[in-house]
Amino acid sequence: ILSSGAGWSGFSANGRINRLPDASVVTSPTNWTGQVNNALSETAKVNLQLVASYAEENGHLNVHINQQWFQNATGTYNLVIMVLESGIISPQLWYNHDPTYVPDYEHNHMLRTTLTGATGAISIQNPTAGATKVFSITTDWNAAWNPENVDIVAFLTEGENGRVMNVVRQKLSE
């Protein structure tokens, strides 16, 4: 999030740390370290396990997410599953750099698609301690993607405010 217009001069980066206290609040980089440390010190209410595979013989991507709840929770929780690709060589404008135009820039962690939409699919409601939930999805593989460079990222969010409860990543080639 940039605090100045598209002119790029005199801009400063701002961001959100886990959408706290709510999704509309942004903070400056001077506050990031403290907010990140606070978030990391919290005990997770849920554990996520991810198993993903590319089946070349039928052109499918298979993803399985297992949730294990450690505490009771109220509300609706959404599961977001993203496909990211790295190692993409393509032009890029690099502001305040010489040269400004880089014809062979390496792009990493590019979002290719979400398997459950930008805000996720409802996964569980009012989970109790000890509850488990498995979510599986199979989709057609996009032939333009290189499976050696793909990561699958899944995160579980509180449905009302979008706060991230936990996240897991797997390199598809592992």
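Residues numbered from 1 in each chain as written. Predicted model: local features only at pLDDT ≥ 70, side-chain atom pairs only at ≥ 80, totals over all residues. Heavy atoms only, no water.

A. Broad picture of the overall build of the protein. Helix and strand counts for the protein stand at 1 helix and 10 strands. Listing each helix as α and each strand as β along the protein from the N terminus yields α-β-β-β-β-β-β-β-β-β-β. Summarising its shape, the C-alpha atoms of the protein cover approximately 55 × 45 × 25 Å along the three principal directions. Within the span of the protein, comprising 174 residues, buried residues form 32% of the whole. Put simply, the protein shows about 10,300 Å² of open surface, and 51% of that area lies on carbon and sulfur atoms. Charged side chains of the protein number 8 positive and 14 negative; the gap between the two group centres comes to 10 Å. (Helix = DSSP H or I, 4+ residues; strand = E, 2+ residues; numbered from the N terminus. Buried < 20%, exposed > 50% of the residue type's maximum accessible area, 1.4 Å probe, protein only. Areas by Shrake-Rupley, 256 points an atom, 1.4 Å probe, with all protein chains shown as cover. Lys, Arg positive; Asp, Glu negative; His and termini not counted. Charge placed at Lys NZ, Arg CZ, Asp CG, Glu CD.)

B. Quick look at the packing of aromatic side chains. In the structure shown here, the tally under the stated rule is 4 aromatic pairs. For the pair Y54 and W141, a centre-to-centre distance of 4.4 Å together with 35° between the ring planes defines the contact as tilted. With Y54 in strand β1 (residues 46–55) and W141 in the loop between β8 (132–140) and β9 (150–158), this residue pair connects regions lying 87 residues apart in the sequence. Judged by relative accessible area, which is 26%, Y54 ranks as partly exposed. (Phe/Tyr/Trp six-rings, centres within 6.5 Å; stacked < 30°, edge-to-face > 60°.)

C. Fine view of the nonpolar core. By size, the foremost hydrophobic cluster in this structure holds 26 residues, and its most contacted members are L61, V63, I65, W69, I81, I152 and L156. For I65, the contacting residues outside a window of four places in its chain are L48, Q49, L50, L79, I81, K133, V134, F135 and A154. Membership of the second largest hydrophobic core comes to 5 residues, among which are V80, L84, V153 and F155. (Core = buried A, V, L, I, M, F, W, Y, C linked by side-chain atoms within 4.5 Å. Contact = heavy atoms within 4.5 Å.)

D. Just the sheet that holds β8, in detail. Spatial ordering of the open sheet is given by β1-β2-β8, a layout of 3 strands whose pairing is antiparallel. The open sheet has two free edges, formed respectively by β1 and β8, since each of these has just one partner strand. If you compare each strand with its neighbour and ignore which way they point, the axes differ by 10° on average. Where β1 meets strand β2 (residues 60–69), 10 bridges bridge the pair, whose relative direction is antiparallel. Residue pairing in the sheet places V51 in a bridge with H64 of β2. (Pairing = 2+ DSSP bridges. Axes fitted to C-alpha atoms, helices over the stretch in contact; angles between N-to-C directions.)

E. Representation of the pattern of salt bridges. Applying the stated rule across the entire model yields 3 salt bridges. Across the salt bridge formed by R112 and E85, the nearest N and O atoms sit 2.9 Å from each other. Pair noted here: R112 is in strand β6 (residues 110–114) and E85 is in strand β3 (residues 76–85), with a separation of 27 residues, a long-range link. According to the relative accessible area criterion, R112 is partly exposed, its value standing at 33%. Its relative accessible area of 4% is what places E85 among the buried residues. The partner of D151 in a salt bridge is R169, and the shortest N-O contact between them spans 3.4 Å. On the criterion of sequence distance, the pair formed by D151 in strand β9 and R169 in strand β10 (residues 164–171) is long-range, its members being 18 residues apart. The class of D151 is buried, set by a relative accessible area of 7%. (Salt bridge = Lys/Arg side-chain N within 4 Å of Asp/Glu carboxyl O.)

So far we have only geometry, and geometry alone does not tell us how the molecule works.
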